[in-house]
Amino acid sequence: MSSILIVDDERDIRELIGDILKDEGFVVRLAGNSDDCMAQIAAEAPALMILDIWLKDSQMDGIDILKTVKRDNPDVPVVIISGHGNIEIAVAAIKQGAYDFIEKPFNIDQLMVVVSRAMETSRLRRENTDLRRRDVTSSDMLGSSASFKGLKSQLEKVTKSNGRVMLTGPAGAGKELAARFIHSNSNRASAPFVTVTSATIEPERMEEVLFGRETADRGVEQGLLEQAHGGVVYFDEVAEMPLGTQTKILRVLVEQQFTRVGGVDKVRVDLRVISSTTRNLQTEIAAGRFRQELYDRLNVVPIEVPSLEDRREDIPELTTYFIDMFHKTQGLPMRKLTSDAEAMLQTMQWPGNVRQLRNVIERVLILGDGTGEVDVKELPGHEPAAGRDEGRLVLSGALATLPLREARELFEKEYLLTQINRFGGNISRTASFVGMERSALHRKLKSLGVVTTSKSGARMARLEDDDDEDDS
């Protein structure tokens, strides 16, 4: 977007301006009427427009073209020129977003000063836009577990299409990261990625936030959909969107256009839509809180993002990544975890998933007492109780009331379930860690009623009499 588009119904004028600018090293395009002008803009938006306000034999005059350009390409500076200039026309043009106004016959030096300033403005806007687009959360996808590999394979398949994707999974599992991965590996990677956090937007302001607004005193204010033009709009927790807004979003998906709040003109957008939710949308539909038609439009490619519990194998790799990241971004100590600390992290409960793991690592690095290895004692929830000997195992109340044989069997079940899930259902690795022959471990698991089943592409251990709803 480095050319200058000159629009004037007088051939001599537009060619004169064009020749002057060519001599200064600019790339120039010419248009003699509104139809030619709009066709050239549709083919490629210019870096700058020089626009005559009066156009003979045209469907649109300069002010109409200016309004359209500032609506669809707001970053393009427009310099208005006119042989009938007066203060009213100049004020009207500036109010509609014109960069400057030059009266014919113009002084060449004056023209070059205005063009040079406008082109510099255009360059800075492009650089600022590029920087904003690069300044996004990392889209690195880390992991080697079977469930993670299954997720990544699905994401890679949808990167090259424009199909709408619905990401499901528990809070903190990494749904936005998955959406950013799709964006950064797609043909829209250089275009915006705009997040709509439905749960944090007040329902009465949702339409203004999404569609923007037009007012007499403040002019045009772009909404999030317009800001995402050409790129990806990500609806985070789409189930939080008010029903009235759902209807209008459905219309946008069908028509790829909308009207700003307080406006009358249609705004055209080219968007890829990715959505996410932690809720069961079928339940929301049955309860009348989510529109079936919108669900059908958004749920073209459903992808489930696994919980951290389903990918415990990835915890050491994720931990190493977070430590390195916090060292680079916050200057926190560059530490390693002991094997016992890694094992403890892999066996802990993670209701907050990857987000919770990240927070735990940050806390450990901030509150840590040194730069050596992180041991189990530094992990949250494992501080030694006052008055207890270090190294002692504290029995739960339920376990302490059982006879030795029942307590031992219950402990073995929970211990082996934890270890198998820690190693992603890999019996060989589990056997090696717990110090048993593989055949002996199989016999022990059978006697305890422990079986392994597939879940999210990985093998997971459970008790044989548990519900089979997650089997595949």
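Our structure is the block above this text.
A quick note: this is a predicted structure, and the numbers were derived from the prediction, not measured. (Residues numbered from 1 in each chain as written. Predicted model: local features only at pLDDT ≥ 70, side-chain atom pairs only at ≥ 80, totals over all residues. Heavy atoms only, no water.)

Asks: Explain the pattern of salt bridges residue by residue, including any values.
Replies: Counted under the stated rule, the structure contains 19 salt bridges. For the salt bridge of D100 with R117, the shortest nitrogen-to-oxygen distance reads 3.6 Å. Of this pair, D100 sits in strand β5 (residues 100-103) while R117 sits in helix α5 (residues 108-134), placing them 17 residues apart in sequence. A single salt-bridge network, built from bridges that share partners, covers E240, R279, E284 and R289. (Salt bridge = Lys/Arg side-chain N within 4 Å of Asp/Glu carboxyl O. Helix = DSSP H or I, 4+ residues; strand = E, 2+ residues; numbered from the N terminus.)

Asks: Requested: an account of the sheet that holds strand β7 (residues 193-197), with residues and values cited.
Replies: Spatially, the five strands line up as an open sheet ordered β7-β10-β13-β6-β14, and their pairing is parallel. Among the strands making up the open sheet, the edge pair consists of β7 and β14 (301-304). Across the sheet, the axes of successive neighbouring strands diverge by a mean angle of 20°, strand direction being ignored. The pairing of strand β10 (residues 232-236) with strand β13 (residues 272-277) spans four bridges and is classified as parallel. Looking across to β13, one finds that V232 is bridged to R272. Along the sheet, helix α6 (residues 146-158) contacts β6 (165-168), β13 and β14; its crossing angle with β14, the most-contacted strand, is approximately 155°. (Pairing = 2+ DSSP bridges. Axes fitted to C-alpha atoms, helices over the stretch in contact; angles between N-to-C directions. Contact = heavy atoms within 4.5 Å.)

Asks: With reference to specific residues and values, describe the environment of K266.
Replies: One can find K266 in strand β12 (residues 266-268). Take K266: its relative accessible area is 40%, and that puts it in the partly exposed class. Sequence separation of K266 and D72 is 194 residues, and the distance between their C-alpha atoms is 9.9 Å. Once you skip the residues sitting within four places of it in the chain, K266 turns out to touch R71, Q257, F258 and T259. (Buried < 20%, exposed > 50% of the residue type's maximum accessible area, 1.4 Å probe, protein only.)

Asks: Just give me the short version of unusual backbone geometry, but keep the residues and values in it.
Replies: Excluding glycine, most residues fall at negative phi; most peptide bonds, likewise, are trans. Phi is positive for Q256, which is not a glycine, with a value near 60°. Phi at N353 takes a positive value of approximately 60°, unusual for a residue other than glycine. As for its position among the elements, N353 is in helix α15 (residues 353-367).

Asks: Please give an account of the sheet that holds strand β3 (residues 48-52) that cites residues and values.
Replies: Across the sheet, which stays open at both edges, the five strands sit in the order β2-β1-β3-β4-β5 with parallel pairing between neighbours. At either end of the open sheet lies a strand with only one pairing partner, and these are β2 (27-31) and β5. Shown here is a sheet whose adjacent strand axes are inclined to one another by a mean of 20°, direction ignored. As paired elements, strand β4 (residues 78-82) and β5 share four bridges and run parallel to each other.

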